[in-house]
Each structure stands twice: as C-alpha cells, then as structure tokens.
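Okay, here's what each chain looks like letter by letter:
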Amino acid sequence: MKRISTIALVLLVAAGSLAQAEQNPIPRIAWYGNLTDGLAEAKRSGRPILLVSGAPSCLGVPGVW
Amino acid sequence: MTYENMDEYKFMEGILGVKSGTLPNTIFCMLGPDGTTRLSRSGRGPFFAYANAIAMASGMNLLAAKYPNARKNALSDSQLPLVKRVDLALNVASCDNRMLIVTTAADKPSLKAVDQKLLSLSWSEQFAGQFVYGSTTKPADLKPLAGTEQDKAILVVEPGPYGVSGKVVAQLPAAATTEQIQQALAAALKKFEPLVKSHRSHIQNGYNLGIEWESVVEESDAQSVRAKQAFRARQRLQQ
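Here is what the cut-offs are and how they apply
Residues numbered from 1 in each chain as written. Chains lettered and ligands numbered in written order. Predicted model: local features only at pLDDT ≥ 70, side-chain atom pairs only at ≥ 80, totals over all residues. Heavy atoms only, no water. Helix = DSSP H or I, 4+ residues; strand = E, 2+ residues; numbered from the N terminus. Buried < 20%, exposed > 50% of the residue type's maximum accessible area, 1.4 Å probe, protein only. Contact = heavy atoms within 4.5 Å. Areas by Shrake-Rupley, 256 points an atom, 1.4 Å probe, with all protein chains shown as cover. Expected span 1.5 Å × (residues − 1). Arc of directions from axis to C-beta. Domains from an automatic or database assignment. Buried area = accessible area lost by both parts, 1.4 Å probe. Salt bridge = Lys/Arg side-chain N within 4 Å of Asp/Glu carboxyl O. Polar contact = N/O pair within 3.5 Å; in protein donor to acceptor, adjacent residues only side chain to side chain. Nonpolar A, V, L, I, M, F, W, Y, C, P; charged D, E, K, R; others polar. Phe/Tyr/Trp six-rings, centres within 6.5 Å; stacked < 30°, edge-to-face > 60°. pLDDT = per-residue confidence, 0-100. Pairing = 2+ DSSP bridges. Axes fitted to C-alpha atoms, helices over the stretch in contact; angles between N-to-C directions.

Once that is clear, we can look at the overall build of chain A. When its secondary structure is counted, chain A shows 1 helix and 4 strands. Start at the N end of chain A and walk to the C end: the helices and strands fall as β-α-β-β-β. Within the span of chain A, comprising 65 residues, buried residues form 74% of the whole. In chain A, the proportion of contacts linking residues at least 24 apart, taken out of those at least 6 apart, comes to 60%. About 2000 Å² of surface is accessible on chain A, with carbon and sulfur atoms providing 56% of the total.

Take a look at the structure:
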C-alpha cells in the first residue's frame, strides 16, 4: 500500500516562526500547493526548498494522502 | 502535487532520476533557492536523507544557516500559497485536515485585488500554515461548497471527509476590511475541529460510496497500483 506523507513544496523559514496560530494550538507547515509558485518564491526570497510531493488520494479514494 | 500536473511530474522524475513514466507517488528532496541545486539525497520521503525527525530538524537548521535570507525573508512571501484548482484545493484541505479559503471574483484583476487583501494575513504568525488556498473566477468551481452566497469574495470552507464537498462557514465581500477578515478567520479556526480518519475504513467507505479521485496524470507507482487492484479484488470477494 502506498504511503504518502504530505503535499507539495515548502520554503525553509526560521525554526519556531511557523504557523502557531493564536486561536488554534496545532502548528502547521505553510506549504506551497504548486511547484511553479514555490520555485518562484524560493528564487525571490533566497530561501532553500523542502520539496515534498504526494498524491491527494489513497488507493484512488480522496480525502487522505 | 504528484499526478496533478504533467510539468510537475517531469520535474519530479528529474529530481528522483527515475525512468520516464515510473514516478512514485511520493517525492522528497532539499533544493537550493534556484530549484536545481540538490542539498540532500532525493527519495520517496525524508527518511532517504535523514535518520529521524531530530536529524532532519538539525539538517534543516544547518541549511538555513547557509542561506541568510532564509530567516530574514521568512513569512514575508509575495503571493498566496494557492493550489491551482478549487476542486484540488478542497481535496488537499481534506487530506491535510485544514480549513480552505477560496477567493472568488468575476474577473482576474478583481480576483488579484482580493488575493492581495489576504496576503499579509495569510503569512502572519497567526494564520501561516493554517489554511489551504484556492482561487477562481468560475462560479461552477463553487458548486461543491454548500452555503456560498452571491457577491461574496472570500469563502472560509470546512472540507468534507472526502474533499469532494465542503461547507462555507464564513464569507466576506470584497470590500471587507483586513480587521473584519482577520476576525472571521480567527473565529472559524477556533470552531474548526479536524476529523479523525481511519485510513482503512476511509478507503473502504469511499469505495462503498463510489467516491474516487481521478488524477490528471495516470498513477505510475507500481506498488500503489498493485495495492489498489488487490484491495478492490478483496472487496469484491467480500460483497
């Protein structure tokens, strides 16, 4: 069975500065959902890229990686 | 997103160095800001490059230190992190158990203005990473989103369990102020309760309900294709 971790593309940012919402205690990674925009932002900002891609379905069923 | 864009598919094949038409469904690599310089081994997941999460965090910190702009330019992005299609964004939001924000307008310049209004909030400490984003000028794209009112420009959506439908829990006009948007997003996040999904029963129920996802590029992960065939064969036997 395929094992899918998570989606697309994220640019490295300072540790601890990611996604700690005041109203929601779950920290989240701010992913780019498409390659073109993620690559453009990496070039613009000079940040390296953590590239992770997965398919948004498991055994053909959506709603899970 | 694997299998949702042929150009991305080809790019990922190059990163992994696999034979054409055999891309697996997960891909991992650390790259330089130019998008071509490899900073780690590539593979199906981070475990190809790092022994564990601590080693990965440590490795990422070392990489960030080599790129001074990595820290300086954090959370100051110039665009919304959009998923290119609303249906795909809805599915991704469901997979990620995150809320979805859809921006909509009658034409592209108006849509750009709405997206611009959300930009600073989307990269704020409070909201970065908390939402998946989609954007459209086509009313048909909004059909799966129950409760959408006309003339609203920013829709906050709770995705359904399969990501093929969603419920609009807040919506704002294009004239909404940043403060009004901030308050609406904070209130929606506070109420949002991510679903707990059991992988196996999710898939089984999905088949029973006839819910299937058709990717843009045909799946080429041999292991996954075999697993799908075996799962369906077992299910047929049980019926």
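Residue and element names in this part refer to chain B. In this model, helix α8 (residues 222-238) (17 residues) spans 25 Å end to end at C-alpha, consistent with the 24 Å of a helix rising 1.5 Å per residue. Those residues of α8 that sit buried are Ser224, Ala227, Lys228, Phe231 and Gln235. When α8 is viewed along its axis, its buried side chains cluster within an angular range of 100° and face the same direction. The outward face of α8, more than 90 degrees from its buried face, is lined by the exposed residues Arg226, Gln229, Arg236 and Leu237. Of the surrounding secondary structure, the elements contacted by the buried residues of α8 are α7 (199-209).

The next subject is the domain arrangement of chain B. Interface size is often expressed as the accessible area that is lost when the parts come together. Residue and element names in this part refer to chain B. The domain architecture assigned to chain B consists of domain 1 (1-74 + 198-233) and domain 2 (86-191). If you look at the interface, domain 1 gives 9 residues, while domain 2 gives 7 residues. In total, about 670 Å² of surface goes out of reach between domain 1 and domain 2, with carbon and sulfur atoms giving 78% of it. It is His202, Ile211 and Trp213 that lose the most area in domain 1 upon contact with domain 2, and together they represent 69% of the buried surface on that side. For the pair domain 1 and domain 2, the interface holds 0 salt bridges. Our count for the domain 1 to domain 2 interface comes out at 2 residue pairs in polar contact (both at pLDDT 80 or more). Classifying every residue of the side of domain 1 that touches domain 2 by side-chain character gives 4 nonpolar, 4 polar and 1 charged.

Now for the packing of aromatic side chains. Residues and elements named next belong to chain B. Applying the stated criterion across every chain yields a total of 7 aromatic pairs over all chains. A centroid spacing of 6.1 Å and a plane angle of 40° characterise the contact between Tyr3 and Tyr9, whose relative ring orientation is tilted. Taking relative accessible area as the criterion, Tyr3 reaches 2% and is therefore assigned buried. Taking the relative accessible area as the measure of exposure, Tyr9 reaches 5% and is therefore buried.

Another point: the confidence of the model for chain A. Mean pLDDT for chain A: 73, with 62% of residues reaching 70 or above. When the criterion is pLDDT under 50, residues 12-24 of chain A qualifies, and its contacts beyond four places in sequence or with other chains add up to 45 contacts.

Turning our eyes to something else, we now look at unusual backbone geometry. All names here are of chain A. Unusually for a residue other than glycine, Leu59 sits at a positive phi of about 55°. Relative to the elements of secondary structure, Leu59 occurs in the loop between β3 (57-58) and β4 (61-62). Residue classification places Leu59 among the buried positions, given a relative accessible area of 1%.

The next thing to look at is the sheet that holds strand β4 (residues 145-146) of chain B. All names here are of chain B. Taken in spatial order, the 5 strands of this open sheet run β3-β2-β5-β6-β4, and their pairing is mixed. Only two strands of the sheet have a single neighbouring strand rather than two, namely β3 (131-136) and β4. Of the pairings in the sheet, the one linking strand β2 (residues 99-104) to strand β5 (residues 154-159) comprises 4 bridges and is antiparallel in character. The partner of Thr103 across the bridge, within β5, is Ile154. The strands touched by helix α5 (residues 108-122) within the sheet are β2, β3 and β5, with β2 carrying the most contacts at an inclination of about 145°. Along the sheet, helix α6 (residues 178-191) makes contact with β2, β3, β5 and β6 (166-172), crossing β6 at roughly 150°.

This paragraph deals with the pattern of salt bridges. Tallying each qualifying case throughout the model produces 10 salt bridges over all chains. Residue Arg44 of chain A pairs with Glu41 of chain A through a salt bridge whose shortest N-O separation is 2.6 Å. Of this pair, Arg44 of chain A and Glu41 of chain A both sit in helix α1 (residues 35-45), separated by 3 residues, roughly a single helical turn. Using a relative accessible area of 44% as the deciding quantity, one classes Arg44 of chain A as partly exposed. The class for Glu41 of chain A is buried, based on a relative accessible area of 0%. One salt bridge connects Glu219 of chain B with Lys228 of chain B, and the closest N-O pair in it is separated by 3.6 Å. Through salt bridges with shared partners, a single ionic network connects Glu4, Arg85 and Asp87 of chain B.

Attention now goes to the interface of chain B and chain A. Each partner contributes residues to the interface: chain B has 81 residues there, and chain A has 57 residues. Buried surface at the junction of chain B and chain A, both sides included, amounts to about 5700 Å², of which 59% is carbon and sulfur. Looking at the side of chain B facing chain A, the largest losses of area belong to Met1, Pro33 and Gln79 of chain B, adding up to 10% of the total buried there. Linking chain B with chain A are 2 salt bridges, by the criterion used here. Salt-bridge contacts for Asp77 of chain B lead to Arg47 of chain A; the nearest nitrogen and oxygen are separated by 2.7 Å. Elements that contribute at least two residues to the side of chain B that touches chain A include exactly α1 (6-16), β1 (27-31), α2 (53-66), α3 (68-72), α4 (86-96), α6, α7 and α8 of chain B. By residue class, the composition of the side of chain B that touches chain A is 43 nonpolar, 22 polar and 16 charged. Alignment of strand β2 (residues 49-53) of chain A against β1 of chain B, held across 5 bridges, turns out to be antiparallel. Each bridged residue has a counterpart across the sheet, and for Val52 of chain A the counterpart in β1 of chain B is Phe28 of chain B.

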